[in-house]
Number of protein chains: 2
Amino acid sequence: MINPDRFSVVLVEPQGALNIGSVCRVMMNFGFSDLRLVTPQADHLSKPAFDMAVKAKALLHEASIHPSLSSALSDCHIVIGTTRRYGKYRDDFIYPEDIDTVTAHLDADNHIALVFGREDSGLTTAELDLCQQFLTIPTDDRLPSMNLAQAVSVCLYELSKSRLLAKKNDGEKELADSETVERMFQHMRETLTSIEYLDEQNPDHILRTFRRIFGRAVLDERETRILRGLWNRIDWLKNQM
Amino acid sequence: MINPDRFSVVLVEPQGALNIGSVCRVMMNFGFSDLRLVTPQADHLSKPAFDMAVKAKALLHEASIHPSLSSALSDCHIVIGTTRRYGKYRDDFIYPEDIDTVTAHLDADNHIALVFGREDSGLTTAELDLCQQFLTIPTDDRLPSMNLAQAVSVCLYELSKSRLLAKKNDGEKELADSETVERMFQHMRETLTSIEYLDEQNPDHILRTFRRIFGRAVLDERETRILRGLWNRIDWLKNQM
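Conventions we followed
- Residues numbered from 1 in each chain as written.
- Chains lettered and ligands numbered in written order.
- Predicted model: local features only at pLDDT ≥ 70, side-chain atom pairs only at ≥ 80, totals over all residues.
- Heavy atoms only, no water.
- Pairing = 2+ DSSP bridges.
- Helix = DSSP H or I, 4+ residues; strand = E, 2+ residues; numbered from the N terminus.
- Expected span 1.5 Å × (residues − 1).
- Contact = heavy atoms within 4.5 Å.
- Buried area = accessible area lost by both parts, 1.4 Å probe.
- Salt bridge = Lys/Arg side-chain N within 4 Å of Asp/Glu carboxyl O.
- Polar contact = N/O pair within 3.5 Å; in protein donor to acceptor, adjacent residues only side chain to side chain.
- Nonpolar A, V, L, I, M, F, W, Y, C, P; charged D, E, K, R; others polar.

1. Regarding the sheet that holds strand S5 (residues 93-94) of chain B
All names here are of chain B.
Then step 1. Within the open sheet, the 7 strands sit side by side as S3-S2-S1-S6-S4-S7-S5. Their pairing is parallel. Every other strand in the sheet has two partners, leaving strand S3 (64-66) and S5 as the edge strands with one partner each.
Then step 2. Strand direction decides the pairing type here: strand S1 (residues 7-12) and strand S6 (residues 112-116), joined by 5 bridges, are parallel. When the bridges of S6 are listed, Val10 appears paired with Val115.

In structure tokens:
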């Protein structure tokens, strides 16, 4: 699960003060606080921006301003760029629900950035080259282009859903925390590489498929233990050979 | 899956023209077209509304106006009211991802309404009494109240996700049919019983947990093959002993 303290929303040359304010509000709605603005084209400290931010005014005040996207990303370990354009990046697209999966292998203190482009023209190719992952929101072909603040809303909602729901359902079902799930995956990786099911040269290719499957399923504590039991059994079998 | 032609977004006394226009844009982004306004407090045909609607101006023009919520709902078979208030309805809450489930039993021509209240005060108790389901978006306790158009965005995104992704992935990703999945489980059962991971006397106890995990994940063809590859590898290992 994403740690909101290690996550930044980056807006590149946002043109609307209302949008910047709205982004602050929805960031706070979902528990995020670090906003980075790359050469904003609108006054983010103007009254319309504060009006839209409502109770998230502190986020606007604390937003950092950067002269370029690369300077905004200097401390980030994984950068996800949003774009609705296909073509060059076609095969590498992820959807909002995949963010948890592509960031699952990071250390707890690694920093993630989610980058949004200009309202009218998105991110340039040079800016997309600074990203490791390309995210698109599935929309209808008749009007694929979303409002900036609404696109941010959808992404942050999807990213926070399991964390916020787990909190609300606390005590009902115990979801496995990310550290426990990650230990399970490390065990799985070692075991399945040792029996040459995973390719020693590239174990993560197939493992990524399992990460997606178990990511979609959202494992609880007991299920994680049962999976580790299976890897233990295979370890035992291997040692008998 | 929701049929967008049998689905209406209902706004009760919306106060902001910008919000009404933004709702139109995001409805079109996700393939919806029927907007119903109950005594709007802002001019929904004003320039700011059209500016926010961008290419969804037709939705604004065609929005129907109603004197009361009950008249707006006269042809609806299931009504979902959004509210962040707890209390009376506490136990009946659903989340955006549950909408598909609560509407799954409807006939194809049944009509669904999703109702949003006023920006500042939401829906009244009398209005909520007209709803069969109560939906809330999981948000952070420090700022639970979302902007109206952003709340609509999140709900419509969640509702459309599987439909729009299925369309985009058409021909790329093929969900496994139940027979293929069942053959995978039979193989899994034999293999994991042979290595004494599953209890020969009662293999289905633990297998049932795996059925739940993979059931929640919804396996595609490729994933099913990858799982069978793992059972094959374990079969091979067992034969080396």
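2. Describing helix H8 (residues 178-194) of chain A
Then step 1. Here H8 of chain A spans 24 Å end to end across 17 residues, near enough to the 24 Å set by a 1.5 Å rise per residue.
Then step 2. For H8 of chain A, the elements touching its buried residues are helix H9 (203-217) and helix H10 (221-240) of chain A together with helix H10 (221-240) of chain B.
Then step 3. Of the residues one or two after H8 of chain A, Glu196 of chain A is the one with positive phi, at around 60°.

3. Digging into the interface of chain A and chain B
Then step 1. The partner chain B presents 67 residues to the 66 residues of chain A that form the contact.
Then step 2. Contact between chain A and chain B buries roughly 6000 Å² in total, counting both sides, with carbon and sulfur atoms accounting for 62%.
Then step 3. A per-residue breakdown of the area chain A buries against chain B is headed by Leu143, Gln150 and Tyr157 of chain A, which together make up 11% of the total.
Then step 4. Across the pair Glu97 of chain B and Lys161 of chain A runs a salt bridge, and its minimum N-O distance is 3.2 Å.
Then step 5. At the boundary of chain A with chain B, the tally comes to 24 residue pairs in polar contact (both at pLDDT 80 or more).
Then step 6. Breaking the side of chain A that touches chain B down by element, the ones donating at least two residues are helix H1 (17-29), helix H7 (148-168), H9 and H10 of chain A.
Then step 7. At 12 residues, the largest contribution of residues to the side of chain A that touches chain B is made by H10 of chain A.
Then step 8. In terms of residue class, the side of chain A that touches chain B is built from 36 nonpolar, 13 polar and 17 charged.

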